[in-house]
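Tertiary structure, described
Residue strings, one per chain:
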Amino acid sequence: MALIKRGLEENPSYTAEDVIQGLASGYFQLFEEGQGIAITKFSGFRDKRLLVFLLVGENLEQWKARMDAKLSAFAITNGCSCVEAYCRPGLKKSLTGYRDWE
């Protein structure tokens, strides 16, 4: 819960309670790796996409490749066309392989 609250400080789209309820209902998915978590949901209109809307933790460089592998495998298993990530500008440089929509 502490990581979720910390990650949402700069993302007012959801409250921590929204995320906890969404996880309980299956609307959101939680992935844990190393000292970090990713919260995802499915999105898309014509195609199904896996949207990473919260990625937070410590020592990202140590676990980001394993997290990416988990997210990619989950997306493929669920018929998603891609994995999207919305993140703060400072995190963008750490995420390789994602398309920049700016």
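Residues numbered from 1 in each chain as written. Predicted model: local features only at pLDDT ≥ 70, side-chain atom pairs only at ≥ 80, totals over all residues. Heavy atoms only, no water.

1. A few points about helix 3 (residues 60-77)
- Here helix 3 spans 25 Å end to end across 18 residues, near enough to the 26 Å set by a 1.5 Å rise per residue.
- Along helix 3, the positions that sit buried rather than exposed are Leu60, Trp63, Met67, Leu71 and Ala75. (Helix = DSSP H or I, 4+ residues; strand = E, 2+ residues; numbered from the N terminus. Expected span 1.5 Å × (residues − 1). Buried < 20%, exposed > 50% of the residue type's maximum accessible area, 1.4 Å probe, protein only.)

2. Regarding the pairing of strand 2 (residues 36-43)
- Among the eight residues that make up strand 2, six are buried, leaving the element largely enclosed by the rest of the structure.
- Examined bridge by bridge, strand 1 (residues 29-33) and strand 2 share five bridges and lie antiparallel to one another. Counted as the bridge partner of Glu33 is Gly36 from strand 2.
- The antiparallel hairpin formed by strand 1 and strand 2 contains two residues in its connecting segment, where Gly34 sits at a positive phi of about 55°.
- As paired strands, strand 2 and strand 3 (residues 49-57) are joined by eight bridges and run antiparallel to one another. For Thr40, the partnering residue across the bridge sits in strand 3 and is Val52.
- Hairpin connection of strand 2 to strand 3: five residues between the antiparallel strands, including Gly44 at a positive phi of 115°. (Pairing = 2+ DSSP bridges.)

3. Points about helix 2 (residues 16-25)
- For helix 2, the set of buried residues is Ala16, Val19 and Gly22. When helix 2 is viewed along its axis, its buried side chains cluster within an angular range of 125° and face the same direction. Across from the buried face of helix 2, at angles greater than 90 degrees, the exposed residues are Gln21, Ala24 and Ser25.
- In the core, the buried residues of helix 2 are packed alongside helix 1 (2-8), strand 2 and strand 3. (Arc of directions from axis to C-beta. Contact = heavy atoms within 4.5 Å.)

4. Notes on the nonpolar core
- Counting residues in each nonpolar core, the largest one holds 12 residues, listed as Ile4, Leu8, Tyr14, Ala16, Val19, Phe28, Ile37, Ile39, Leu51, Phe53, Leu54 and Val56.
- Going through the elements one at a time, helix 1, helix 2, strand 2 and strand 3 are the ones with two or more residues in this core.
- With four residues, the single largest contributor to this core is strand 3.
- Among all residues touching Ile37, those that are not within four sequence positions of it are Leu3, Ile4, Leu30, Phe31, Glu32, Leu54, Leu55, Val56, Trp63 and Met67.
- By size, the runner-up hydrophobic cluster in this structure holds 11 residues, among which are Val52, Leu60, Ala75 and Val83. (Core = buried A, V, L, I, M, F, W, Y, C linked by side-chain atoms within 4.5 Å.)

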